[in-house]
Amino acid sequence: MTQSIKSVMTEKKAMADAIGMIALVLILITAVGILIGNYAVHTKKVELFTAVSQGVANRAETYAAAMNEDLVHTAVPSLARECTVTTQVCTQILGVTPAADGASVVLRIQGDTVAPMGESVTKDVTLESTEVTHVTAIDKDGNNIWGLAEEGLRFKTWGVASGEPSTVKPVDLATSSVTWVSVADRAGVDSRGGLWVWGPNDIGQAGDGTVSSTPITPHLVDTGETTFRSVTTTDNRGYAIDSQGFAWVWGKNDKSQLGKGDALISTPTKLKVRVNTLVGGLDNTIGITTSGDLWMTGVPQKGLPAPDADGIVNKGTQYRAVAASPAGNGIALIDANGKLSATSDKFTFTPATGDVTFAQVSLGETHGAAVSSDGRLFVFGTTTRGAMGTGLIGSSPAPKEVEVGKRFVTVTAGRYATFAVDTTGKLSYAGSTNAGSTDFALPKADWFTPLLENTLFRSVAADGVNSRTALLDTAGNVYGVGAETAGLWSIDYRGSTGVPVRMPKPDGFSSYTSEKQ
């Protein structure tokens, strides 16, 4: 049947209208999908921000509770980075600023989440004190209830001030007082999240993009908008973790120990792995991922099975801490249940007996040290220089408790020494740190001996190969000890013999911290 031109055109128009309608429906469906996706992303980011904000508030409450544990003896709560297990929210106290009258203190707390859409915020939280004199009762949980009378010694109980913590914007961090929040012997992170690197540079380990026989003084690395939360170094490599949990590496890479193909990496370079902890072994890099897995790249570690294609070792086993010793080719691990294990070319390890569980571990060349979940200090391995603090030269294959009766927040094993910070912020050491310039090494101590008794500390980082050691106090100042030249920078800062040298602030690094000690 012959169709008229008009009927043909009418049919084609109807078909075009139908196709157009279908296309419009598809566009609408796609748009709705995008809106739903964007809403889901926005909702997730709001959830993460809420979780981080709550984590900051919880950390402030924990800080106050720690100060209230013993009102007679002033305590310094931990300022270190701490992470929850369930929601993977991590917090770190960047600064503690007391009021002039001592009635309040402002905590600057950074919180972040290691989820794929990570959130990172910094807030100021004010703690206020209340004067008390007597315990008047005990509540149902066994806590003291304090009262105020007109007689007796006066103490202070602490609590978070009413109201929401105030958010500190990045611009505020960039222009406010700057202090150190994480320091190793060759690198550091400031309270703005900036990454600084210094020291020998014969294989690019100073991170400035060059290779030179001349050591480099501290310089701020240009990493764009990326901010960092922690750093660690070995004799020829550097590691940093950014605020989203990604690992950054630089230095010697001849055996792919940094997870890249180049023989050396002369500027901090981002890896795809997200980690809570990162350490350098003899010819490898080992870390604990944000999901609790043990990750490794480079030469397989003695005592461990080879990693799978994703770099995961012992898949299915979760871990809370790892330490490595390039000098002793050793590794120590604490699994999710708090069980400590270790292997090394330099000593034999036997697991701890009883129900003790561990939270932190560190390795030197021939010995190790660990802090239990309840804050007790343990040592293991062997020593000829007093590094185990037992007063004896010899071995202890199983972890042995030292400094009985004290409680500690962190311990660091250097090549020939051990440094421990107790819950009051007091620093002590055992062993010796001589390496090159013995005039400025710490004198040998067979027992744990107080160091810089008028200063409170938060952490210690000791190079396991050359005994260079960085001390970080609670005010954000850094000290050097045991280096080939006094101090940490590539300049010979000389102080008193056998006393750590307080390092001056690098160019472009300001601080409100008083220069008085």
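Our subject is the structure listed above.
**Thoughts on the overall build of the protein**
Phase 1: Each helix and strand counted, the protein has two helices and 34 strands in total.
Phase 2: Classification of the 517 residues of the protein by burial places 48% in the buried group.
Phase 3: Taking contacts inside the protein between residues at least 6 apart in sequence as the whole, the part at least 24 apart equals 48%.
Phase 4: Roughly 24100 Å² of accessible area belongs to the protein as shown, and the carbon and sulfur atoms make up 56% of that amount.

**Quick word on the state of the cysteines**
Phase 1: Summed over the entire model, instances satisfying the criterion amount to one disulfide.
Phase 2: In this model cysteine 83 forms its disulfide with cysteine 90; the gap between the sulfur atoms is 2.1 Å. Disulfide cysteine 83 to cysteine 90: torsion about the S-S bond roughly 110°, handedness right-handed.
Phase 3: Residue cysteine 83 is classed as partly exposed on the basis of its relative accessible area, which comes to 36%.

**Let's talk about the sheet that holds strand S21 (residues 330-335)**
Phase 1: Here we have three strands laid out as an open sheet, ordered S20-S21-S22, and antiparallel in their pairing. Bordering the open sheet on either side are strand S20 (319-325) and strand S22 (340-343), each of which pairs with just one other strand. Averaged over all pairs of adjacent strands, the angle between strand axes in this sheet comes to 10°, irrespective of strand direction.

**Observations concerning the packing of aromatic side chains**
Phase 1: Enumeration over the complete set of coordinates arrives at ten aromatic pairs.
Phase 2: When the centroid spacing of 6.3 Å and the interplanar angle of 55° are considered together, the rings of tryptophan 180 and tryptophan 489 count as tilted. With a gap of 309 residues between them, tryptophan 180 in strand S9 (residues 180-183) and tryptophan 489 in the loop between strand S33 (478-481) and strand S34 (501-502) connect regions that are remote in the sequence. Considered together, tryptophan 180 and tryptophan 489 belong to a single accessibility category, that of buried residues.
Phase 3: Both rings, one in phenylalanine 358 and one in phenylalanine 378, keep their centres 5.3 Å apart while their planes meet at 75°; by these two values the pair is edge-to-face.

**Side note on the pattern of salt bridges**
Phase 1: Tallied over the entire structure, the rule returns 15 salt bridges.
Phase 2: Close ionic contact of aspartate 112 with arginine 229 constitutes a salt bridge, the shortest N to O distance being 3.0 Å. In this pair, aspartate 112 sits in strand S3 (residues 104-113) while arginine 229 sits in strand S13 (residues 228-233), placing the two residues 117 residues apart along the sequence.
Phase 3: Taking relative accessible area as the criterion, aspartate 112 reaches 0% and is therefore assigned buried.
Phase 4: Relative accessible area serves as the criterion here: at 1%, arginine 229 is assigned to the buried category.

**What about the environment of alanine 336?**
Phase 1: Take alanine 336: it is sitting in the loop between S21 and S22.
Phase 2: On the accessibility criterion, alanine 336 (39% relative accessible area) is partly exposed.
Phase 3: Separated by 22 residues in the primary sequence, alanine 336 and phenylalanine 358 have C-alpha atoms spaced 9.6 Å apart.
Phase 4: Excluding its chain neighbours within four sequence positions, the residues that come into contact with alanine 336 are Gln318, Tyr319 and Arg320.

**Brief notes about the pairing of strand S32 (residues 469-473)**
Phase 1: Counting buried positions over the five residues of S32 gives five, a clear majority of the element.
Phase 2: On S32, burial covers both faces: Thr469, Leu471 and Asp473 on one face and Ala470 and Leu472 on the other are all buried.
Phase 3: Sheet topology places strand S31 (residues 457-462) next to S32; five bridges connect them, and they run antiparallel. Residue pairing across strands places alanine 461 opposite alanine 470, the latter belonging to S32.
Phase 4: Here S31 hands over to S32 after six residues, with serine 467 in that stretch at a positive phi of 70°.

Rules behind the numbers
Residues numbered from 1 in each chain as written. Predicted model: local features only at pLDDT ≥ 70, side-chain atom pairs only at ≥ 80, totals over all residues. Heavy atoms only, no water. Helix = DSSP H or I, 4+ residues; strand = E, 2+ residues; numbered from the N terminus. Buried < 20%, exposed > 50% of the residue type's maximum accessible area, 1.4 Å probe, protein only. Contact = heavy atoms within 4.5 Å. Areas by Shrake-Rupley, 256 points an atom, 1.4 Å probe, with all protein chains shown as cover. Disulfide = S-S within 2.5 Å. Pairing = 2+ DSSP bridges. Axes fitted to C-alpha atoms, helices over the stretch in contact; angles between N-to-C directions. Phe/Tyr/Trp six-rings, centres within 6.5 Å; stacked < 30°, edge-to-face > 60°. Salt bridge = Lys/Arg side-chain N within 4 Å of Asp/Glu carboxyl O.

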